[in-house]
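One letter stands for each residue in the lines below.
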Amino acid sequence: MYKMIEAKINGITVEVKEGTTVMEAAKKVQIKIPTLCKHPDLPPSAACGLCIVKVKGSNKMFRACCTPIEDKMEITTNDPDIVEVRKTVLELILSNHPNDCLKCGRNSNCELQSMASDFGIREDVFKKFLRDIPQDSTTGTIVLDPTKCILCGRCIEVCQKGQDVWALSFLQRGMDTRISPAGDIKLSESPCVKCGQCSAHCPTGAIFEKDDTRLVWEALKNADKYCVIQIAPAVRVAIGEAFGVVGKNLTKKLYALFRRMGFKAVFDTNFGADVTIMEEAGEFVERLLHNKGELPLITSCCPAWVDFMEKFHSDMINHFSTCKSPHEIVGTLSKTYYAEKNGIDPAKIYMVSIMPCTAKKYEITRSGEMFASGFQDIDVTITTRELSRMIKQAGIDFLNLPDEEADGLLGEYSGAGVIFGATGGVMEAALRTAYNIVTGKELEDVNFIKTRGLESIKEAEIDIKGTKIRIAVAHGLSHVEEVLNRVRQAKKEGKELPYHFIEVMACPGGCVGGGGQPYNVTDALRLKRSSAIYQDDKDKELRCSHKNPYVKKLYKDFLGKPLGEKSHKLCHTEYKARPIYIR
Amino acid sequence: MKKDRLQADLEGLVKKWKSKKGNLIMILHSIENIYGYVPRDTSLKLSRLLDVPLARIYEVITFYNYFKLEPPGKHNVSVCMGTACYLRDASSLIEEVEKILHIKEGQTTKDSMFHFDVVRCLGCCGLAPVMMIDEKVYGKVKKNEVADILSKYVKEEE
C-alpha cells in the first residue's frame, strides 16, 4: 500500500500517493505549472527553472517538477513574485535563443514560442548571447540546429536512455554547453538510427524533421511525372491532431485529399503490410517447420530498428526477416506491377510516401534492394508533420472532404494490414496468417490481445496445431537488448529457445508514437491513436492478409507464390553489420 | 610505436580500474598524464573495453578543463586575461596570436609546434599584458612584438 499524502495547493486540498511531485499533484486539481523541460514521457531534469513554486515556511522557491509533495505542505503556484521570476527565467533563456520564429521549423508549434506569448515577452531584456554552431542535416532525416537549443535535455534522455542509441550528448559546460554527437563529428557519422524521437520531444526548433515538401510540390507540377502516393497505417489516426481532431481515423478523407492535391493514384501502405505478412508469415513457417533459417524470426519493417540492429546487434542478422517493409513493397510494386497493369512507363512514376517516421527517409536509399524496380522505389518520404503543412498550404478544408476509396490494385487492405501501426500489430497480423498456413484452417478469434498495449516487453504463448509458439514484442529500443540477451543466453547454453518470433518497433507505442508524428505525444495519446487503429481492424470484414482479394490477385497475376523467385527479387532485402561510429 | 605503447597502456589501465567505481575518470586522468591529451581512437577503444558509450566519455572529457582532445604543441603559448592584462588590452595579443598561428584558443597548430591557451592571472600583474611561452614570461608585450617572440621558437627548430 502506498502512503497517502494530503497537502494544499493554492488553498485547494489535494490527496496523492507519496512520491508524487508537486507538478503532478497540481495537475490533479486543474493547476498547470509551466515547464519547458519536463515531458510526460521523461523523468524530470530540473533544467529550465520555469516551474518554481513557493512552499509555506521556506523562503526558497522550489522546482515543482522534481520536488516530491510532503504531508501538510502548503504550496503557492501563482502570485506576482512567481510570475516575475518565471518571466526573468524565460528572458534569460531567450537571451540565448535567436529571434528566428518566422523562419523556424517549429513556428506556431513551439513550446518556447507559446511560453513567450503566454508571458507577454515584448523585448530582449538581456543582451543576446547566441551560439554560432552550424546546422547538421547529414542524416537526411532530421536537422540538428544547436543554436536553438535551450538545453532542456529531453533529446538526450530519449536518445541515451529511451532508445539506448547514445548518438546525442551534452558536450562542454556552462555557456559553452551544446548538444552534439561525441566529438566534432556529424550525426551521419554517429550511432544515430534516425528514429526521430529527439525531434518529437524537442520543445523548440533545435531538432526537427528535414522538410522535403518542396520535392513533392515540384513533382506534382511536373507534367512528365505520374505522381502516386501511399500512407502508412499510423498517419491516418494522427494527422487529425494538426486540425484539432484527436484519435480519429481519417483514411478516406486522406484518399480524397490526395486526389485533390493532384495525385494520379492513391495507394495504401496497409496493402503492402498484407504482402509483407504473406512473405513474413511464410518465412516464419519455413523456419519453424522446415528448418530453413534460424529461429527466433525477428521482424524488420522498422527502419530505425534495422539500423540499430546493423550497428549494435549484427550477430542477429540471420534471425532477421529478409522481407522488406510494407512501404518499400508498395513502392516496388507501383513501378512494376501497377505500371505493367496500367501500361505506364515506370520511369515516369513518382512515388511519394507519407510516414509517421523520420527513419523512412533513410530507408528509401538504405541498400541496393530499395531500387528493385530498376528505379528508386520510393522517390520521397514525408512525415505526418510535413503532410499537415502541405494540407494547409494547399488550402483544402481537409476535415470536410467527402470520403473516397483508394485505388484497389495497391490500396485495398485487411484488418491485419492496418494494425502494423501499433506495437504488437505485426506479430498479431503474422500469427493470423501463419495459423492458416500451418493448419489450413481459419482462426475463430483473430484477436491476439496479449500483443497489444503499451507494456514495454510483451510475451505470449500461442498454440498452433499442438505446437507452442512463444513470442515477444518490444517497443522503444532500450527494451530490445533484454529480449535479445535471453536468446543469446539460450543459444550459448544450448537450451530451448525462449521465443520463436520477436517483433521490435523502435518508437514507444510503435509507429503511432513515431518520430515524425504530431507533437506533444503522451502514453494517453498513443493509446488513443492505437485504439483508432484497432477499431479500423475490427470494422473490416476481412481481417487476415491472406484473405485480401487484391493480395490474392497480386500473387496470381504477378508475383507467383510467396517466397518465390519474383517476390524474392522484389520484396526481400539483405542486411550487413555497420560501424557504430564512422570516425 | 607510440600507438602500440598506448594500446598496451590502455589495456593495463582498464585491467587496473575496471571493477572500481568512478573508473572512467581515473583512466582518462592516466591517459591525459601520459600523452597530454585523450586521442579519439583511444576513447573508442576505451568505450569498447569498459562498455561505456563514447558519448558518455566525451561528456566527461569536455566537461573538465583538465582533459584535452588535441595533442599538446611543442611549445605552450598562453596569453593572460586576468583583470590587469584585460585592462591593458590583452585581447589584442590574443587576436594577434590567433592570426599568426591560424588557430583559436585551445587549439594546436597543424605542425604541432604551438598550442595556444587563454589563461587567468599568471601572477605578475605589474608586467601586464603578459604572455608566456613554456616557462618563459614576456611582460608589457605590444601587439607588434608578438610575431618576433613567436618566430624565435620557430628559428630554434631550424
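Residues numbered from 1 in each chain as written. Chains lettered and ligands numbered in written order. Predicted model: local features only at pLDDT ≥ 70, side-chain atom pairs only at ≥ 80, totals over all residues. Heavy atoms only, no water.

**Here's the deal with the overall build of chain B**
For chain B, the count of helices and strands is seven helices and four strands. Tracing chain B from N to C terminus, the helices and strands come up as α-α-α-α-β-α-α-β-β-β-α. Per-residue burial over chain B gives 44% buried out of 158 residues. Sequence separation of 24 or more characterises 59% of the internal contacts of chain B that already satisfy a separation of 6 or more. Of the roughly 9,200 Å² that chain B leaves accessible, carbon and sulfur atoms contribute 53%. (Helix = DSSP H or I, 4+ residues; strand = E, 2+ residues; numbered from the N terminus. Buried < 20%, exposed > 50% of the residue type's maximum accessible area, 1.4 Å probe, protein only. Contact = heavy atoms within 4.5 Å. Areas by Shrake-Rupley, 256 points an atom, 1.4 Å probe, with all protein chains shown as cover.)

**Remarks on the domain arrangement of chain A**
All names here are of chain A. Segmenting chain A into domains produces domain 1 (4–78), domain 2 (101–209) and domain 3 (214–571). Every contact between the two is made by 24 residues of domain 2 and, on the other side, 26 residues of domain 3. Taken over both partners, the interface formed by domain 2 and domain 3 buries close to 1,900 Å², and the fraction arising from carbon and sulfur atoms is 50%. Summed over the three residues of domain 2 that lose the most area to domain 3, namely Val193, Lys194 and Glu209, the buried surface amounts to 29% of that side. Linking domain 2 to domain 3 there are three salt bridges. Residue Asp307 is joined to Lys194 by a salt bridge in which the shortest nitrogen-to-oxygen separation is 2.9 Å. When residues of the side of domain 2 that touches domain 3 are traced back to their parent elements, those giving at least two are α4 (154–162) and α5 (197–201). Here the side of domain 2 that touches domain 3 gets four residues from one element, more than from any other, and that element is α5. The residue makeup of the side of domain 2 that touches domain 3, split by class, is seven nonpolar, 11 polar and six charged. (Domains from an automatic or database assignment. Buried area = accessible area lost by both parts, 1.4 Å probe. Salt bridge = Lys/Arg side-chain N within 4 Å of Asp/Glu carboxyl O. Nonpolar A, V, L, I, M, F, W, Y, C, P; charged D, E, K, R; others polar.)

**A look at a nonpolar patch on the surface**
All names here are of chain A. On the surface, Leu92, Val125 and Phe126 cluster together into a nonpolar patch covering about 240 Å² of accessible area. Topologically, Phe126 is positioned in the loop between α3 (111–118) and β6 (142–144). Overall, Phe126 belongs to the partly exposed group, its relative accessible area being 31%. (Patch = residues over 30% accessible without salt bridge, like charges linked within 9 Å, V, L, I, M, F, W, Y side chains within 5 Å.)

**Quick look at the interface of chain B and chain A**
Of the residues lining the interface, 11 residues belong to chain B; the matching set on chain A comes to 14 residues. Taken together, the two surfaces of chain B and chain A that pack against each other cover about 1,100 Å², and 62% of this comes from carbon and sulfur. On the surface where chain B and chain A come into contact, there are six residue pairs in polar contact (both at pLDDT 80 or more). For the side of chain B that touches chain A, the secondary-structure elements that each account for two or more residues are α3 (40–50) and α4 (54–63) of chain B. Broken down by element, the residue count for the side of chain B that touches chain A peaks at seven residues, all from α4 of chain B. (Polar contact = N/O pair within 3.5 Å; in protein donor to acceptor, adjacent residues only side chain to side chain.)

**Let's talk about the domain arrangement of chain B**
Domain boundaries assigned for chain B yield domain 1 (2–63) and domain 2 (75–157). The straight-line distance from the C-alpha centre of domain 1 of chain B to that of domain 2 of chain B is 31 Å.

**Brief notes about the sheet that holds strand β1 (residues 75–80) of chain B**
Residues and elements named next belong to chain B. Spatial ordering of the open sheet is given by β2-β1-β3-β4, a layout of four strands whose pairing is mixed. The open sheet terminates on both sides in strands that have one partner only, identified here as β2 (114–119) and β4 (136–138). When strand polarity is set aside, the average angle formed by the axes of neighbouring strands in this sheet is 20 degrees. Both β1 and strand β3 (residues 131–133) contribute to a ladder of three bridges, which runs antiparallel. From the neighbouring strand, Val79 faces β3, where its bridge partner is Met131. (Pairing = 2+ DSSP bridges. Axes fitted to C-alpha atoms, helices over the stretch in contact; angles between N-to-C directions.)

**Details of the packing of helix α2 (residues 80–95) of chain A against α3 of chain A**
All names here are of chain A. Packing of α2 against α3 brings their axes to within 11 Å, and their N-to-C directions diverge by 135 degrees. In terms of orientation, α2 lies oblique with respect to α3. For the pair α2 and α3, the crossing hand works out as left-handed. Taken together, the residues of α3 that come into contact with α2 (itself represented by Leu90, Ile93 and Leu94) are Leu112, Met115 and Ala116. Its residues assigned to classes, the contact of α2 with α3 shows six nonpolar, no polar and no charged. (Parallel < 35°, antiparallel > 145°, perpendicular 65-115°, else oblique. Left-handed = near helix turned anticlockwise from the far one by under 90°.)

**Section: unusual backbone geometry**
Look at the link from Leu295 of chain A to Pro296 of chain A: it is a cis peptide, with omega at -5 degrees. If you trace the backbone, Pro296 of chain A turns up in the loop between α8 (269–290) and β12 (297–298). In this structure, the amide linkage connecting Ala128 of chain B to the following residue, Pro129 of chain B, adopts the cis form with an omega of -5 degrees. Turning to its location among the elements, Pro129 of chain B is positioned in the loop between β2 and β3. For Lys194 of chain A, which is not glycine, the phi torsion reads 70 degrees and is therefore positive. One can find Lys194 of chain A in the loop between β8 (178–180) and α5. Positive phi outside glycine occurs at Lys140 of chain B, with the angle close to 45 degrees. Considering the arrangement of structural elements, one finds Lys140 of chain B in the loop between β4 and α7 (146–157). By relative accessible area, Lys140 of chain B is classed as exposed at 53%.

**Observations concerning the sheet that holds strand β3 (residues 52–55) of chain A**
Residues and elements named next belong to chain A. As summarised here, the arrangement of the five strands in space is β2-β1-β5-β3-β4, forming an open sheet in which the pairing is mixed. Edge positions in the sheet fall to β2 (12–17) and β4 (61–63), since each of these pairs with one other strand and no more. Between one strand axis and the next, the sheet turns through 40 degrees on average, direction left out of account. Sheet strands in contact with α2 are β3, β4 and β5 (74–76), and its direction is about 150 degrees off that of β3.

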